[in-house]
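What the coordinates show
Listed below are the residues making up each chain.
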Amino acid sequence: MPSVSDPILPFLLMDAVALLLLGAFATAMPLAVVTIAAAMTSGLGALLCLPPLLLGAPATSFGIPIGPPGLSLHFALDPLSGFFLLIMFLAGTAIAAFQAVAVSPTQVLSARMTAFVVAGTAVSLLAADGVALTVGLAVVCAAIGYPAHRTRVLIPFVVLTALCLLTPPGYAPRFDAIRAAPIDPDRATATAALMVAAVGGLIWPHGVGRSWTRDALRAGVVVPIGSYLLLRVIADLPGASTQAWWGFVLLLAGGAATIIESWLSAVHPDIDRAISALTRRQAGLAMMGVGLALIARAADLPGAATFALQATCLTAMAGSLAGTVASLSAHTIGASAGTYRLSRLGGLVHAMPVTSAALSAGLFAGSALPPSLGFAAFWLSFQSILSAPRTGGLPSQVPLALAAAAIALSAALAIAASVRIVGIAILGRPRTPQGAGARESKSPVRTILLSLAGASLVAGILPSLLLWLLADPAIRILTGLPPDRQAGLALLAVSSSTPGYLALPVLALLALMTGAVFLLPRRSRKPAKIVGPWTDGMPPPIGLPFGDPAAQLTGAGFLPTLPVLAALRRPRLPSLPPLPRPRASAGIWLILAAFGALLLVLGVIG
């Protein structure tokens, strides 16, 4: 019987090809045409992902006869790839639409970067073999600017090597062949190590320069694909072959990353870099969620594994939606105020109320404050950790206790960093004439920011319903549990006999408290003073409309900066003569050389 995914998969591939063509011919077309077409194409991709997810359609696949014999490209659409495709296309639609109304006509490269990154990510998520996945990741890395750093060029080939290690001898690196064959635990361990290195290089590319487009794409597109790669290659393809201790390795790596990024966000003096650090923190939390799922699956605890996978999906969604709106809002503020330095911003709640509200909503949605997506993921992670008494003795309990402490410390630091950004830039007093001269953006920009902010807030209010509709089929496949059609709003419950997390009562309580705070001062009969709240009710000094300069906050943060570890001095290699500019024919030879290397690797492994 044909599935609803059968006709949708070719349309999604054509959608990716259309984005590739838009990126290739971006310089030959007007910027408005490129950005609007990219937004419409990405929006169409998001709509195409909804029917298979809502109807729980089974996986479908087909091959394209491109490449050497036995290495043709294969693509598949299943619940796991469909979920990440949906949130990726939503972020791509928002970024492309933002570029259509907010980017100057000279920045065609930003629109081309968006089209290429979204297209490469779509190809990677639809890939059903190692060659197609490598091609998609190569497009992403080349478009987002990583080839400027030589180590980042190896990311697609590291992923291909990891898949070749899982492939049985004599077969092409296809996902269906990997699932059907027994896998050596040592090879599964080597694959996990390579994937952690590849995902780390993909998400944490330090030193690539400042670019708001790159920051928004990293939040909305790159972080979800990193979470998908960990789930697909470490949790899905090897099955039970991955050793349980690799879950503790992922806990250690993710915990260190999330604490460091939260700390960096709390001390960085620039608003865009602080928000970018909060985005990378979500990737660390997703890595910890995958580690908890591996530990729970090894201990035969499907309930705890379900909680960990739900936390991973919500973390990826929070990083995509909330991270994108926060990055776009920070760019809007920096472009209007002329600076990204926190010490030069202030009073934006009056100058840019809509953008300030969108930024606050994005920071709130990614934090661990109820009711938000971040808090729902935080709650689910702790529910998974609390199921740990059956996972072993004391040696396995100590890492889990440290993981819980790392998640809690990271949540506290992220909340402090968000409060610092909102308190200084939005609610603080104006500090410079340049910052006080910031003005609200155009109406289309405000509409895009408010739509993203509203989507992230609604997702935080109804996380259980969102998981049940979009992510539950993928989670059931990874855990091996039958589909639960009785779930819905009570999905985040520990069991049917215990209460779970429901965001609606928490939202009602917060609304009541907020309303009381706003209504009580209005009933007071004390005369009001028309002065700025940043002057403590007193008028500013004469001649100093922005306050005493000696009392201005530097915005450097309240935490000490992390120590800079001195790198080992590497021997200097002799300089090589400059290489000639590549010609068009060189691309064909490069493709043939790549396939030859792949055949050599398969021959050595087989």
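Above this text sits the structure in question.
As a starting point, this report considers the structure included with it. Here the structure is a predicted model, which is why all the values come from computation and not from measurement.

Looking at the overall build of the chain
- Scanning the chain from terminus to terminus reveals 21 helices and two strands.
- Taken over 606 residues, the chain has a buried fraction of 52%.
- As displayed, the chain offers around 27200 Å² of accessible surface, 70% of which is attributable to carbon and sulfur atoms.

Considerations on unusual backbone geometry
- A cis amide bond, omega -5°, links Pro370 with the succeeding residue Pro371.
- In this fold, Pro371 is placed in the loop between helix H14 (353-366) and helix H15 (373-386).
- Located in the positive-phi region is Asp300, a residue other than glycine, with phi close to 60°.
- When you line up the elements, Asp300 lands in the loop between helix H11 (271-298) and helix H12 (302-337).

Looking at the nonpolar core
- Judged by nonpolar contacts, the single largest core of 130 residues is most densely connected at Leu12, Phe84, Leu85 and Phe89.
- Broken down by element, the residue count for this core peaks at 14 residues, all from helix H9 (residues 212-236).
- With residues near it in sequence (within four places) discarded, Phe89 still touches Leu12, Asp15, Leu19, Ser42, Gly45, Ala46, Cys49, Val118 and Ala122.
- Core analysis: the second largest hydrophobic core is formed by 28 residues, Leu345, Leu413, Ala425 and Leu559 among them.

Some points on the packing of helix H4 (residues 108-126) against H9
- Close contact between H4 and H9 brings their axes to 11 Å; oriented N to C, the two are set at 5°. The orientation of H4 relative to H9 falls into the category roughly parallel. Seen from H4, the contacting residues are Ser110, Met113, Thr114, Val117, Val118, Thr121, Ser124 and Leu125; seen from H9, they are Thr213, Arg214, Leu217, Val221, Ile225 and Tyr228.
- Of the residues contributing to the contact of H4 with H9, the split by class is eight nonpolar, five polar and one charged.

Concerning the packing of aromatic side chains
- Throughout the structure, instances matching the rule amount to five aromatic pairs.
- Plain terms: the ring middles of Phe84 and Tyr228 are 5.9 Å apart, the flat faces sit at 65° to each other, and that makes the pair edge-to-face. Taken together, the positions of Phe84 in helix H3 (residues 79-102) and Tyr228 in helix H9 put the pair 144 residues apart, joining distant regions of the chain.
- A relative accessible area of 0% places Phe84 in the buried class.
- Between Phe378 and Phe382 the ring centres are 4.8 Å apart and the planes differ by 50°, which places this aromatic pair in the tilted class. Here Phe378 and its partner Phe382 are both found in helix H15, four residues apart, which amounts to about one turn of the helix.
- Phe382 sits in the partly exposed class, given a relative accessible area of 22%.
- Connected via pairs of aromatic rings, a cluster forms that spans Phe83, Phe84 and Tyr228.

Remarks on the environment of Trp245
- Its place among the elements puts Trp245 in helix H10 (residues 245-267).
- The sequence separation of Trp245 and Ala298 amounts to 53 residues, and the corresponding C-alpha distance is 9.3 Å.

With respect to the side chain of Arg280
- Among the secondary structure elements, Arg280 is positioned in helix H11.
- A polar contact is formed between the side chain of Arg280 and the side chain of Glu261, at a distance of 3.0 Å.

Details of the pattern of salt bridges
- Scanning all chains against the criterion turns up eight salt bridges.
- Ionic pairing is found between Arg174 and Asp176, a salt bridge with its closest N-O pair at 2.7 Å.
- Of the charged contacts in the structure, one is a salt bridge between Asp215 and Arg218, with a shortest N-O distance of 3.3 Å. Of the two residues, Asp215 and Arg218 both sit in helix H9, three residues apart, roughly one turn of that helix. Arg218 shares its class with Asp215; the two are buried.

Brief notes about the environment of Asp184
- Topologically, Asp184 is positioned in the loop between helix H7 (175-180) and helix H8 (185-203).
- Sequence separation between Asp184 and Leu165 is 19 residues; the distance between their C-alpha atoms is 9.2 Å.

Calculation rules
Each chain has its residues counted from 1, running along the sequence as written. It should be noted that, the model being predicted, local features are given only for residues of pLDDT at least 70 and side-chain atom pairs only at 80 or more, the latter also being counted only at that level, while totals for whole chains, interfaces and linings use all residues. To get the side-chain values, all heavy atoms of the structure are used, and hydrogens and water are removed first. Working definition: helices are DSSP H or I runs of at least four residues, strands are E runs of at least two. Numbering for both runs from the N terminus. To sort residues, take the accessible area from a 1.4 Å probe on protein chains only and compare it with the maximum for the residue type: under 20% means buried, over 50% means exposed, and anything in between is partly exposed. Note on areas: Shrake-Rupley, 1.4 Å probe, and residue coverage restricted to the protein chains presented here. Here, the term nonpolar core denotes a set of buried Ala, Val, Leu, Ile, Met, Phe, Trp, Tyr and Cys residues that are joined through side-chain atoms within 4.5 Å. When checking whether two residues touch, look at their non-hydrogen atoms; a contact exists if any pair is within 4.5 Å. Note on method: axes are straight lines fitted to C-alpha atoms, helices fitted across the in-contact stretch only, with angles between N-to-C directions ranging 0 to 180 degrees. Relative orientations are named as follows: roughly parallel for angles under 35 degrees, roughly antiparallel for angles over 145 degrees, roughly perpendicular for angles from 65 to 115 degrees, and oblique for any other angle. Charged residues are taken to be Asp, Glu, Lys and Arg, nonpolar residues to be Ala, Val, Leu, Ile, Met, Phe, Trp, Tyr, Cys and Pro, and polar residues to be all remaining types, Gly included. Only rings of Phe, Tyr and Trp enter the pairing, Trp through its six-membered ring, and a pair is recorded when the two centres are within 6.5 Å. The plane angle decides the type: under 30 degrees is stacked, over 60 is edge-to-face, the rest tilted. Identification of polar contacts relies on pairs of N or O atoms within 3.5 Å, with a donor-acceptor requirement for protein atoms, meaning one able to donate a hydrogen and the other able to accept it, and with residues adjacent in sequence counted only if both atoms are side-chain atoms. Criterion for a salt bridge: a side-chain nitrogen of Lys or Arg within 4 Å of a carboxyl oxygen of Asp or Glu.

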